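# Residue-level structural notes
One letter stands for each residue in the lines below.
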Amino acid sequence: MVLLGLVFVAVGVLAILSATFVSEGNAELLGMDLSALAIFLVGVAAGACVIWGLSILKWGTKRGLASRREQKELRELHAKLERVEGERHGEQPTTES
C-alpha cells in the first residue's frame, strides 16, 4: 500500500509540474479566455473547496451524532432518576416515551 501511495504521489507531482510548466494554449471558461495554467489553478482551487466542504460536513455530522447520543443518555438518566425518586416517595413509577 505504501508503494502504491508513493506511485500516486509521483504521478500527481508529474501532472502538476507538466500543467504548470509545459502546457500552452488558451481555453474558455465561463466566457473568459484563460491560459492552461489558469484553468489548472482554478481546478486546484475547486478541488480544495470540495475537499474542505466534505471535511466540514464530516466534522459537523460527527458533532451532531455525538450531541444526539448525549441527549439520549441524559433523557435515560432523567427517566431513571424520576423513577427512583418516585419509588422513594411511595409513588407509582410513570412510563414516559
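Residues numbered from 1 in each chain as written. Predicted model: local features only at pLDDT ≥ 70, side-chain atom pairs only at ≥ 80, totals over all residues. Heavy atoms only, no water.

On to the overall build of the protein chain, then. A tally of helices and strands in the protein chain yields two helices and two strands. Written out in order from the N terminus, the α and β elements of the protein chain read α-β-β-α. Every one of the 97 residues in the protein chain was classed for burial, and the buried ones make up 3%. Entry remark: accessible area of the protein chain is about 8,700 Å², with carbon and sulfur atoms responsible for 66%. (Helix = DSSP H or I, 4+ residues; strand = E, 2+ residues; numbered from the N terminus. Buried < 20%, exposed > 50% of the residue type's maximum accessible area, 1.4 Å probe, protein only. Areas by Shrake-Rupley, 256 points an atom, 1.4 Å probe, with all protein chains shown as cover.)

The next point concerns a nonpolar patch on the surface. A surface patch of nonpolar side chains, amounting to about 400 Å² of accessible area, comprises Val9, Val13, Leu17 and Phe21. Mapped onto the secondary structure, Val9 falls in helix H1 (residues 2-22). Residue Val9 is classed as exposed on the basis of its relative accessible area of 52%. (Patch = residues over 30% accessible without salt bridge, like charges linked within 9 Å, V, L, I, M, F, W, Y side chains within 5 Å. Salt bridge = Lys/Arg side-chain N within 4 Å of Asp/Glu carboxyl O.)

Looking at the protein chain as a whole, its pLDDT mean stands at 79, while 81% of the residues score no less than 70. Within the protein chain, the element-level pLDDT minimum falls on strand E1 (residues 26-29), averaging 68, and the maximum on helix H2 (residues 36-88), averaging 87. (pLDDT = per-residue confidence, 0-100.)

The end-to-end C-alpha distance of H2 is 78 Å, a good match for the 78 Å that 53 residues give at a rise of 1.5 Å each. Of the residues trailing H2, Gly90 is marked for its positive phi of about 80°. (Expected span 1.5 Å × (residues − 1).)

Here Ile39 lies in helix H2. When the C-alpha atoms of Ile39 and Asn26 are compared, they prove to be 8.9 Å apart, with 13 residues separating the residues in sequence.

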